[in-house]
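Chain residues, written in single-letter form:
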Amino acid sequence: MLPYQSLTEPFSEEAYLKRWLELERKVASEGFTWATLYENYEDNQYMSDSLLRVPASLVQEVENASRAVYDILAKTYQRILADHSLIHRLGISVYVWDLLLAEVKTAFSYFCRFDFIASADGLKVIEANTDTPVGLVEAAVAQEVICREHGARNPNAGLTKKLAEAWNQVIKDYQIGSGDTLYFTCADWHEEDKQTVGLLMKHYPQKARYIPLEEIVVEKDDVRTPNGEKIEFLYRLYPLDYFLAEKSHTGELIGEQFLVHLLDRKLKIINPPSALLMQSKAVFALIWEKRHEWYSRSEQRAIDTYFLPTFHTANGMSSYVKKPVLGREGGGIQIVENGAVLDEDVDHYQDQEVIYQHYFPMPEQTVATWDGPYTGKLLIGSHVLNGQPAGLFFRVGEAITGNLSMFVAYTDS
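Residues numbered from 1 in each chain as written. Predicted model: local features only at pLDDT ≥ 70, side-chain atom pairs only at ≥ 80, totals over all residues. Heavy atoms only, no water.

**Here's the deal with the overall build of the protein chain**
Quick reminder of the rule: Elements are defined by DSSP. Helices are runs of H or I of four residues or more, strands are runs of E of two residues or more, and each kind is numbered from the N terminus. A 1.4 Å probe rolled over the protein chains alone gives each residue an accessible area, and that area as a share of the maximum for its type sets the label: buried under 20%, exposed over 50%, partly exposed in between. We call two residues contacting when some pair of their heavy atoms lies within 4.5 Å. Computed by Shrake-Rupley with a 1.4 Å probe, the accessible areas treat only the displayed protein chains as cover when residues are assessed. Positive residues here are Lys and Arg, negative ones are Asp and Glu, while His and the chain termini are left out of the count. Working definition for charges: the position is that of NZ of Lys, CZ of Arg, CG of Asp or CD of Glu.
Scanning the protein chain from terminus to terminus reveals ten helices and 21 strands. Here the protein chain, with 413 residues, has 54% of them falling under the buried criterion. Of the contacts formed within the protein chain by residues at least 6 apart in sequence, a portion of 70% connects residues at least 24 apart. In the form shown here, the protein chain has an accessible surface area of approximately 17900 Å², with 47% of it arising from carbon and sulfur atoms. Between the mean site of the 39 positive side-chain charges and the mean site of the 58 negative ones, the protein chain shows a separation of 8 Å.

**Some details on the nonpolar core**
Rule in force here: Put simply, buried Ala, Val, Leu, Ile, Met, Phe, Trp, Tyr and Cys residues joined by side-chain atoms within 4.5 Å make one nonpolar core.
Within the largest apolar cluster, 126 residues are counted, with the highest numbers of intra-cluster contacts made by F32, F111, F114, W167, F258 and F307. If sequence neighbours within four positions are ignored, F307 has contacts with V69, I72, K124, V125, F284, I287, W288 and A302. Residues I117, I126, F360 and L379 belong to the second largest nonpolar core, which totals six residues.

**Some thoughts on the packing of aromatic side chains**
Defined as follows: Between rings of Phe, Tyr and Trp, where Trp is taken as its six-membered ring, a pair exists when centres lie within 6.5 Å; planes separated by under 30 degrees are stacked, by over 60 edge-to-face, and by other angles tilted. Each ring is checked for a lysine NZ or an arginine CZ that lies within 6 Å of its centre and within 35 degrees of its normal; such an atom marks a charge sitting over the ring.
What the rule picks out here adds up to 23 aromatic pairs. Through a chain of ring-to-ring contacts, the aromatic side chains of F32, W34, Y46, F393 and F407 assemble into a single cluster. Over the ring of W288 we find R291, and its NZ or CZ is 4.0 Å from the ring centre.

**Observations concerning helix α4 (residues 136–150)**
Inclusion rule: Here, expected helix span is obtained from the residue count minus one, scaled by 1.5 Å. The bend reported for a residue corresponds to the angle between axes fitted to the seven residues ending at that residue and the seven starting there.
For α4, built from 15 residues, the straight-helix expectation of 21 Å at 1.5 Å per residue is met to within 8% by its first-to-last C-alpha distance of 21 Å. When the local axis directions of α4 are compared, the greatest deviation, roughly 35°, occurs at A142. When you tally the buried positions in α4, you get twelve out of 15 residues, the bulk of the element. Following α4 by one or two positions, G151 has its phi on the positive side, about 70°.

**What about the sheet that holds strand β17 (residues 354–358)?**
Our working definition: At least two DSSP bridges between two strands are needed for those strands to be called paired.
Read from one edge of the open sheet, five strands run β13-β17-β14-β15-β16, paired in antiparallel fashion. This sheet does not close on itself; its edge strands, each paired only once, are β13 (310–311) and β16 (340–344). Taken together, the two bridges between β13 and β17 define a ladder with antiparallel strand orientation. Pairing of T310 across the sheet is with Q357, part of β17.

**What to know about the state of the cysteines**
How we decide: Note on terminology: pairs of cysteine sulfur atoms within 2.5 Å are recorded as disulfides.
For the coordinates displayed, the defined rule picks out zero disulfides. No disulfide involves C186; its nearest neighbouring cysteine sulfur is the one of C112, lying 19 Å away. Its relative accessible area of 0% is what places C186 among the buried residues.

**Quick word on helix α6 (residues 191–202)**
Applicable threshold: What the arc covers is the set of directions going from the helix axis to the C-beta atoms.
The first and last C-alpha atoms of α6 sit 16 Å apart over twelve residues, in line with the 16 Å expected at 1.5 Å per residue. Looking at α6, one finds that the buried residues are E192, D193, T196, V197, L199 and L200. Buried residues of α6, viewed axially, fall in a sector of 160°; they line one side. Its buried side turned inward, α6 meets β5 (111–119), α4, α5 (159–174), β7 (182–185), β8 (208–210) and β11 (233–236).

**Quick look at the pattern of salt bridges**
Side chains that carry opposite charge are capable of pairing whenever their charged atoms lie near each other. This is how it is decided: Salt bridge, as applied in this entry: a Lys or Arg side-chain nitrogen positioned within 4 Å of an Asp or Glu carboxyl oxygen.
One pass over the full model with this rule turns up 22 salt bridges. Between R395 and D115 there is a salt bridge; the shortest N-O distance is 3.5 Å. Here R395 is found in strand β20 (residues 388–397), whereas its partner D115 is found in strand β5, with 280 residues between them in sequence. Assigned by exposure class, R395 and D115 land together as buried. As a salt-bridge pair, E229 and R209 come within 3.6 Å of each other at their nearest N and O atoms. Residue E229 is located in the loop between β10 (223–224) and β11, and its partner R209 is located in strand β8; the two are separated by 20 residues in the primary sequence. Among the residues examined, R209 registers a relative accessible area of 30% and is labelled partly exposed.

**Observations regarding the environment of R153**
Note the threshold: N or O atoms within 3.5 Å of each other form a polar contact, as long as, within protein, one can give a hydrogen and the other can take it, and as long as residues adjacent in sequence are counted only when both atoms are side-chain atoms.
Note on placement: R153 falls in the loop between α4 and α5. For the pair R153 and D412, spaced 259 residues apart in the sequence, the C-alpha separation amounts to 7.5 Å. Here D412 takes part through its side chain, which lies 2.6 Å from a polar atom of the side chain of R153.

**Re unusual backbone geometry**
Negative phi characterises most residues that are not glycine, and trans characterises most peptide bonds. A cis geometry characterises the amide bond from E9 onward to P10, with omega recorded as 0°. Residue position: P10 is located in the loop between β1 (4–5) and α1 (13–29). Here the residue pair I270 and N271 is connected by a cis peptide bond, since its omega of -10° sits within 30 degrees of zero. Looking at where N271 falls in the secondary structure, it is placed in the loop between β12 (268–270) and α8 (274–279). Positive phi, normally seen in glycine, also occurs at E329, with a value near 55°.

Below you can see the structure in the form of structure tokens.
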């Protein structure tokens, strides 16, 4: 367990809540507005005032692992492009295969977050969020405010600079001219996504404009704003696979038409379509299967060090995590240890293909909360921008990390 400190120690419920509300006001004023999340008919604490003290050696190891994981995914993407039959094994709708396999002159993803478990038994990546990662506002904004309140160094201080560098690479790769407008979109009702888009747009160096997803006009020949301006470049914080189900108020399949425009290159999106391809958790099963065939010796060592055995069947394992290949926020996950179910979600993603990943227990971590000290499971998110580690994002929650797992800031000691 990592050492931690609270702004209100020793714990007093009245003193804690008063101090926490003041902290909430400060982070909200700088753009982090979901320190609480409303679910199950009540407000749930999402931000802890705690500060984890993380050994600098662990921070460096996560950064090293993040570079290695990104490079292995990039090589895997090239292998899939070289053998299109492999897409059959990734559990992605056939309706987007042509789009995902179209060769483009971009990275497979510019904005990623890898989730790691760190314990005495090593460091393992359990998921790659390559399509629409969030947690950037926590890592860039709330992290800075909480470190400032504790009088501690913020190891994520360089995140926004790397964000700007990633945008410069996007501009180059997409050939976005100085007079071109990059539109930014998400579901307008979703506060977290909207603030995340705002942060990304803030650090984009050229012409930018926000357009709610609900206002994008998909026409027969192209995509436009309500005022008729043609949209040629679009950053979307909306899963690409979700577009398949989008219909107009008259029942027209506008989502499918949107994807056709992407395939015809009438519209270019960021992250690119390849990001959805590599989002499939079945990619981890492919990497594990081909680890001795596709990769160099140094890459094989990285796979053995940082990846977990992952398969399309339980393969005789008595301890595993079953995951839907395109599940999100812990939906549809089942954890089995020694043949017994430890935890599971049966309400989401039950119609998807699944993979079975070796069960690697998460370490326990205590943080301060409204109700006093809370001990949960620690997960480390690592943002990777344009292939480079950019900052960490810690959460503490239940065995299945869902959207109510609490964000907690850190400093390196």
